[in-house]
Amino acid sequence: MRLSITLLAGCALAVATAAESAGGLQWTAPASWKAQATRPMRAATYAVPAAPGDKEDGECAVFYFGPGQGGGVDDNLKRWASQFQTDAKPQTAKKTINGLSVTTIDLSGTYLASAGPMSPTKTSKPGYRLLGGIVEGPQGGVFFKFTGPAKTVAASQAVFDKLLASVRKN
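Residues numbered from 1 in each chain as written. Predicted model: local features only at pLDDT ≥ 70, side-chain atom pairs only at ≥ 80, totals over all residues. Heavy atoms only, no water.

**Topic: helix α1 (residues 73–82)**
Because each turn of an α-helix spans 3.6 residues, side chains separated by three or four positions in sequence point in the same direction. Of the positions making up α1, those classed as buried are Val-73, Asn-76, Leu-77 and Trp-80. End-on, the buried residues of α1 take up no more than an arc of 100°, which puts them together on one face. Those residues of α1 that are exposed and angled more than 90 degrees off the buried face are Lys-78 and Ser-82. Looking at the buried side of α1, the elements it contacts are β8 (84–85), β9 (91–97), β10 (100–114), β11 (122–137) and β12 (140–149). (Buried < 20%, exposed > 50% of the residue type's maximum accessible area, 1.4 Å probe, protein only. Helix = DSSP H or I, 4+ residues; strand = E, 2+ residues; numbered from the N terminus. Arc of directions from axis to C-beta. Contact = heavy atoms within 4.5 Å.)

**A few points about the pattern of salt bridges**
The final tally for this structure, using the stated rule, is four salt bridges. Two residues, Arg-39 and Glu-59, come together in a salt bridge whose shortest N-O distance is 2.9 Å. Taken together, the positions of Arg-39 in the loop between β5 (34–35) and β6 (42–48) and Glu-59 in strand β7 (residues 58–64) put the pair 20 residues apart, joining distant regions of the chain. Taking relative accessible area as the criterion, Arg-39 reaches 33% and is therefore assigned partly exposed. Taking relative accessible area as the criterion, Glu-59 reaches 23% and is therefore assigned partly exposed. A salt bridge links Asp-106 to Arg-129, with the shortest nitrogen-to-oxygen separation between them at 2.7 Å. Of this pair, Asp-106 sits in strand β10 while Arg-129 sits in strand β11, and the two are 23 residues apart along the sequence. When its relative accessible area of 22% is taken as the criterion, Asp-106 is described as partly exposed. Here the salt bridges do not stand alone but share partners, grouping Arg-39, Arg-42 and Glu-59 into one network. (Salt bridge = Lys/Arg side-chain N within 4 Å of Asp/Glu carboxyl O.)

**Re the nonpolar core**
Of all hydrophobic cores here, the largest spans 23 residues; its most connected members are Trp-27, Trp-33, Tyr-46, Cys-60, Phe-144, Phe-146 and Phe-160. Residues within four places of Phe-146 in sequence aside, it is in contact with Trp-33, Val-48, Gly-58, Glu-59, Cys-60, Arg-129, Leu-130, Leu-131, Thr-152, Val-153, Ser-156 and Phe-160. Counting residues in each nonpolar core, the second largest holds 14 residues, with Ala-61, Leu-77, Ile-105 and Tyr-111 among its members. (Core = buried A, V, L, I, M, F, W, Y, C linked by side-chain atoms within 4.5 Å.)

**Quick look at the environment of Cys-60**
Position of Cys-60 among the secondary structure elements: in strand β7. On the accessibility criterion, Cys-60 (0% relative accessible area) is buried. In this structure, the C-alpha to C-alpha distance between Cys-60 and Thr-45, residues 15 residues apart in sequence, is 5.7 Å. Not counting residues within four places of it along the chain, the set of residues in contact with Cys-60 comprises Trp-33, Ala-44, Thr-45, Tyr-46, Val-48, Lys-145, Phe-146, Phe-160 and Leu-163.

**As for the pairing of β9**
Inspection of the sheet shows β9 paired to β10 by seven bridges, in the antiparallel sense. Directly across from Thr-92, in β10, lies its bridge partner Ile-105. The antiparallel pairing of β9 with β10 creates a hairpin that spans two residues between the two strands, and Asn-98 there sits at a positive phi of about 50°. (Pairing = 2+ DSSP bridges.)

**Side note on the packing of aromatic side chains**
Considering all chains together, one arrives at eight aromatic pairs under this definition. Ring geometry for Trp-27 and Phe-144: centres 5.2 Å apart, planes at 85°, overall edge-to-face. Taken together, the residues span a long stretch of sequence, with Trp-27 in strand β4 (residues 25–28) and Phe-144 in strand β12 at a distance of 117 residues. The same class applies to Trp-27 and to Phe-144, which are both buried. (Phe/Tyr/Trp six-rings, centres within 6.5 Å; stacked < 30°, edge-to-face > 60°.)

**Observations concerning helix α3 (residues 157–165)**
Of all the residues in α3, the buried ones are Phe-160, Leu-163 and Leu-164. Viewed along the axis of α3, the buried residues span an arc of 95°, placing them on a single side of the element. Residues Ala-158 and Lys-162 are exposed on α3 and point more than 90 degrees away from its buried face. Check the buried side of α3 and you find it contacts β4, β7, β9, β10, β11 and β12.

Rendered as structure tokens:
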């Protein structure tokens, strides 16, 4: 999170803004999502409030691995799809947002959630959904992965779309 310094009547006042950045890109974090503590391999992590009736919050993880790192767009789409047990084919689309190439994915089913980074242990979470966005930035890909109970993801889909629409070059 960036801090802006404003002078008011001779006093410095730090005001937090919701702009985040990685890989030469900047985005505006949704006000309704709670920023989480720093985690390995992540540029940011947000807790997304559960929809009524859901027992778990959703999570939006933002990954940036560095120039030329983290695999290509197709590799990541395949990896994300492999994290779900489903008969449905993932819905993907390519678009341009603020002059940047963005590939999105939407899939639902049983999420095989990892117990932690590099952990072979998986937890099956039926009724889950993933919305993803891979933004091809000037310093490499930035990966936005929003997972959670299907109702929670559906309830925050417009917020996720707004997050992706806010991504721009620094």
